[in-house]
Amino acid sequence: PESIPRAVRVVSAVTAVVTLTAACGSDPPVPTVDSPAAAPGPGVDAGPVVEVVPAAAALPPLDPTADPRTPLGELRAGYLPIWSPDFDWAFPPEVCGSAWELDAIAEPASTGDHGVLGDVSAAAALSVMRYEYLLSHVLTAPDVLGQLCVAVAAVGSARADGLGLLAAHLDGGTRSADRPSFPDEVTIVAAGPAGALAVACTTLGHPGAGTSKGEFFDEAPVAASLRAFLLTISVGLEDAVQDLSYRVSGVTNRAAGTCAEMDAWAAEWAEAAKGWAAEGQIWTHVGRTVSTEELCDSPPPGGPNECPRRWGV
């Protein structure tokens, strides 16, 4: 990662409409429980669902065959390269095997109260774990709805790369042999007003790769990948409620023999952040490691309160 992407706008979170409206005293459009205009796609419950009124103008569809019938579908068609009529509907977080409830379509934010993130280091670490889990989840069982899961976890180039990789799997009828996974520990190297820089080590080559404790391994992993993540403060665009979160916007990898090389990797990126600060960007050294044990067993009092161990359960 070399720089923080340019900011766009603030909005979003499907499940927080009533709560945040009452708390903030604002009057965003209230979701209805009437069925949207489009007929449900195969396998979708034909009963009432929440129809979300997006707070952003729709882009032209990426898929020339797209035929969205709701405002939500029109918005998603501008970001997701393979169209499905299911995108006209709102989906619960279980679609992605994660408890996460952010809007799938988000963009970098220029303003907003970062205090809603709670413990910013814990929120950044959770964002990295979620990105690794959701991307590995959709590549293990590729389907068109998986594009929503990639979009939940990422913005910018990371989202484009993830969607492209999923599209290639769908086109070729291939899937990843690894189980959905995420790093057990994430180190937040530096942070700024618009994002954060984090590093983690993931193991490759065996089912369950990515859990540093190795509880899923039948034998020792054969390789490791040192990964650096640029995280950007982002907001969802699928409704009119403000909701900020970290999303992965850029990823850099380096193959390694073992995860023992993590300290040197973190130091290398700390120097990079120092260089960005010298160029006039606002970056502050953090150097804090957050584990799943901390997130699950001792969550910060101010949040976030989400346990990665429960994903996919």
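It should be noted that the structure appears before, not after, this text.
So, here is what we can say about the structure in this document. Here the structure is a predicted model, which is why all the values come from computation and not from measurement. Within every chain, residues take consecutive numbers counted from 1 along the sequence as written. In keeping with the predicted nature of the model, local features appear solely for residues at pLDDT of at least 70, side-chain atom pairs appear and are counted solely at 80 or more, and the whole-chain, interface and lining totals rest on all residues. Where side-chain values are given, they derive from all heavy atoms of the structure, hydrogens and water being excluded.

We now examine the state of the cysteines. In what follows, a disulfide is any cysteine sulfur pair within 2.5 Å. Applying the stated criterion across every chain, the model contains three disulfides. Covalent S-S linkage joins C201 and C259, the inter-sulfur distance amounting to 2.0 Å. Since a negative S-S torsion denotes a left-handed disulfide, the C201-C259 link at about -80° is left-handed. With C201 in strand β3 (residues 195-204) and C259 in the loop between β5 (244-256) and α6 (262-278), the pair connects residues that are 58 residues apart, well separated along the chain. Burial classes follow relative accessibility: with a 1.4 Å probe on protein chains only, a residue under 20% of its type's maximum area counts as buried, one over 50% as exposed, and anything between as partly exposed. In this structure C259 comes out as partly exposed when scored by relative accessible area, which is 30%. In the protein chain, the cysteines engaged in disulfides, taken in order along the sequence, are linked 1-2, 3-4, 5-6. Labels follow the DSSP assignment, with helices taken as runs of H or I lasting at least four residues and strands as runs of E lasting at least two, numbered in each case from the N terminus.

What follows deals with the pairing of strand β4 (residues 223-236). Counting buried positions along β4 yields 13 of 14 residues, so the element is predominantly enclosed. Where strand β1 (residues 106-108) meets β4, three bridges bridge the pair, whose relative direction is antiparallel. Bridging from a neighbouring strand, E107 pairs with V235 of β4. Taken together, the 12 bridges between β4 and β5 define a ladder with antiparallel strand orientation. The residue of β5 that forms the bridge with V235 is L244. DSSP-based pairing: two strands are paired if at least 2 bridges between them are found.

So, about the side chain of R247. Mapping R247 onto the fold places it in strand β5. Here R247 is buried and forms no salt bridge, its nearest opposite-charge partner D243 lying at an N-O distance of 5.8 Å. Of the polar contacts made by the side chain of R247, one reaches the backbone oxygen of D103; its length is 3.0 Å. Any N or O atom pair separated by 3.5 Å or less is treated as a polar contact, with the protein-specific requirement of one donor-capable and one acceptor-capable atom, and with residues adjacent in sequence counted only for side-chain atom pairs. There is a polar contact of 3.2 Å between the side chain of R247 and the backbone oxygen of A151. Charge counting follows a simple rule: Lys and Arg are positive, Asp and Glu are negative, and His as well as the terminal groups are ignored. What makes a salt bridge here is a side-chain nitrogen of Lys or Arg within 4 Å of a carboxyl oxygen of Asp or Glu, nothing more.

By themselves, these are just geometric observations and shouldn't be taken as functional.
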